[in-house]
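A look at the structure
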Amino acid sequence: MNTSETRVLSVESTNPDPAVIAEAGAVLRGGGLVAFPTETVYGLGANALNAAAVVKIFAAKGRPAHDPLIVHISAIEQLGDVVQTVSPLAKALAARFWPGPLTLVLPRGESVPLNVTAGTQTVAVRMPAHPVAQALIGAAGTPIAAPSANTFSRPSATTAQHVLDDLGGKIDLILDGGPTTIGLESTVIDLISDPPVILRPGGIPLEALREILPALEIQPRYLEDTAASSPGQLLKHYSPRARVLLYTGDDPETVLARMIDQTSKLIYEGKRVGVMLVDEDAGVFSELVRADIAVLGSEDDLSTVAAGLFAAMRALDARGVDVIAARDLGREGLGAAIWDRLLRAAEGRVIEVR
Ligand code: TXA
Ligand code: MG
């Protein structure tokens, strides 16, 4: 069962201490749970080939069993251990984007327990680039199943403190390698469907994947009924406790005006209002002295916005806001992943401003 005490060990993110990594590897080999940094978000790892260890992941997160896990490898040779066949397309994508924030859904290899894949004959595989993740997988001597290291449906964890806040007392060990750099999860691409399709936009933008798959599209799952979509594609996801008000529209100025109008009203009604803003919007909002403002960075630098998004949701939640307002930042590059996370945080409700 889970331990009552969670140890936290610091590691240098670029050059982790082999003794600490060896200790964490031993916990994984012993069937325990270790949270660790990847370049996207923190992962909650267990030995992917040990069904009993994998069960503990679902218990610690409160994650439903129908939501499959990503298997993490540290060397391309390990891919053959966890999948049935490696197509030329999978090889090409791996060669171009691994290690990195890309997850490939492939035919499940027999050694992978069915609780990793939620009973399906497919398995999601990723080779993370983070030196701590790579060293840990190497030390464990086995592929590692790891979802994001947050309580189910909460914003993903981008620092060790976020992991501790959600999972303290429920897991054995947290490797603290500092804040993650990308800040939102990997792009998940389904290579079994024909044509292949992006199931979750993430750290590798659609535009980059089109170098190899020119006709690739993002599956518009969030426009569909949640019950009908694939396992784990739940709309309610990455949600702060506060209700998220997500604004979109063709003209950013009109959108901002509506945001200011509605959030001011809420403040007059006595609500505590949080706002996630880009630098460009911050000045206009200075009137709203009683709003709790999280500035995410410039609209022209979406990688910084992405890196701080989940942390901002958590920080505003911690301040006890009733609502969090945010606006659409477009769909280009990382914009698609940012929009996806905002939309899920808002549980699919969008305020269209015309
Ligand atoms: O960046 C990431 O991907 C992070 C780090 C820790 O690697 N992991 C992560 O895992 O985000 P998780 O469990 O929070 O999200 C995994 C996503 C879910 O949307 C799940 O439905 C999808 O991958 N997935 C996993 N296995 C799948 C499968 N066999 N078929 C389709 N989708 C799958
Ligand atoms: Mg997750």
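This text follows the structure it describes.
First, a word on what this report is: a plain description of the structure on this page. (Residues numbered from 1 in each chain as written. Chains lettered and ligands numbered in written order. Predicted model: local features only at pLDDT ≥ 70, side-chain atom pairs only at ≥ 80, totals over all residues. Heavy atoms only, no water.)

**Focus: the pattern of salt bridges**
Defined as follows: The rule for a salt bridge is simple: a side-chain nitrogen of Lys or Arg has to be within 4 Å of a carboxyl oxygen of Asp or Glu. The secondary structure listing takes helices from DSSP runs of H or I that are at least 4 residues long and strands from runs of E that are at least 2 residues long, numbered from the N terminus. Partly exposed describes any residue whose relative accessible area lies between the buried limit of under 20% and the exposed limit of over 50%, with all areas from a 1.4 Å probe on protein chains only and scaled to the type maximum.
All chains considered together, the criterion is met by 17 salt bridges. Note that glutamate 23 and arginine 7 form a salt bridge whose closest N and O atoms lie 2.6 Å from each other. Pair noted here: glutamate 23 is in helix α1 (residues 18-29) and arginine 7 is in strand β1 (residues 7-10), with a separation of 16 residues, a long-range link. Among the residues examined, arginine 7 registers a relative accessible area of 37% and is labelled partly exposed.

**Topic: the sheet that holds β1**
So the rule is basically this: When DSSP finds two or more bridges between two strands, those strands count as paired.
Taken together, the ten strands give an open sheet; going across it, the order is β1-β8-β2-β3-β7-β4-β6-β5-β9-β10, and neighbouring strands pair in mixed fashion. Here the strands that pair on one side only, and so sit at the sheet edges, are β1 and β10 (197-200). Relative to strand β8 (residues 173-176), β1 runs parallel, the two sharing four bridges. Each residue of the ladder has a partner; that of serine 10, found in β8, is aspartate 176.

**Concerning the side chain of threonine 263**
To keep it simple, the criterion reads: Polar contacts, as counted here, are pairs of nitrogen or oxygen atoms within 3.5 Å of one another; within protein the pair requires one atom able to donate a hydrogen and one able to accept it, and residues that are adjacent in sequence qualify only if both atoms are side-chain atoms.
Take threonine 263: it is sitting in helix α8 (residues 252-268). Looking at threonine 263, the relative accessible area reads 0%, which means it is buried. Here methionine 259 takes part through its backbone oxygen, which lies 2.6 Å from a polar atom of the side chain of threonine 263.

**So, helix α10 (residues 302-318)**
Given 3.6 residues per turn, any residue in an α-helix points the same way as the ones three and four places further on. To keep it simple, the criterion reads: What a helix should span is 1.5 Å times the count of its residues minus one. Bend angle per residue: angle between axes fitted to the 7 residues ending at that residue and the 7 residues starting there. Note on contacts: a residue pair qualifies if any of its non-hydrogen atoms lie within 4.5 Å across the two residues.
In a regular helix each residue adds 1.5 Å, so 17 residues correspond to 24 Å; α10 covers 24 Å between its end C-alpha atoms and thus fits that length. At leucine 309, α10 shows its largest kink, close to 40 degrees. Taken together, the buried positions of α10 are occupied by Leu302, Val305, Ala306, Leu309, Phe310, Ala312, Met313, Arg314, Leu316 and Asp317. Looking at the buried residues of α10, the elements they touch are α6 (160-167), β12 (273-277), β13 (292-295), β14 (323-327) and α11 (335-345).

**Quick look at the packing of aromatic side chains**
As a reminder of what qualifies: Classification of ring pairs rests on two measures: the distance between centres of Phe, Tyr or Trp rings, Trp counted by its six-membered ring, which must be within 6.5 Å, and the angle between planes, read as stacked under 30 degrees, edge-to-face over 60 and tilted in between. Criterion for a charge above a ring: Arg CZ or Lys NZ at most 6 Å from the ring centre, at most 35 degrees from the ring normal.
Here the structure, examined in full by the defined rule, presents zero aromatic pairs. Geometry around tryptophan 339 places arginine 331 over its ring, the cationic atom sitting 4.0 Å from the centre.

**Section: the environment of methionine 313**
On the secondary structure map, methionine 313 appears in helix α10. In this structure, the C-alpha to C-alpha distance between methionine 313 and threonine 40, residues 273 residues apart in sequence, is 16 Å. Not counting residues up to four positions away in its chain, the partners in contact with methionine 313 are Pro155, Tyr238, Pro240, Met276, Ile324, Arg341, Leu342 and Ala345.

**Notes on the site of ligand 1**
Stated formally: We call a residue near a molecule or strand whenever a single non-hydrogen atom of that residue lies within 4 Å of it. Per-residue and other accessible areas were derived by the Shrake-Rupley procedure at a 1.4 Å probe size, with only the shown protein chains allowed to occlude residues. Charged residues are taken to be Asp, Glu, Lys and Arg, nonpolar residues to be Ala, Val, Leu, Ile, Met, Phe, Trp, Tyr, Cys and Pro, and polar residues to be all remaining types, Gly included.
Around ligand 1 sit 25 residues, and of these Thr40, Arg63, His72, Ser186 and Arg200 come closest. A distance of 2.9 Å separates a nitrogen atom of ligand 1 from a polar side-chain atom of threonine 122. If ligand 1 stood free it would expose 680 Å²; the protein chains cover 96% of that surface. Elements with a minimum of two residues in the shell around ligand 1: β4 (70-72), β6 (122-126) and β10. Here the shell around ligand 1 takes four residues from β6, the largest share from any one element. For the shell around ligand 1, a count of residues per class yields twelve nonpolar, eight polar and five charged.

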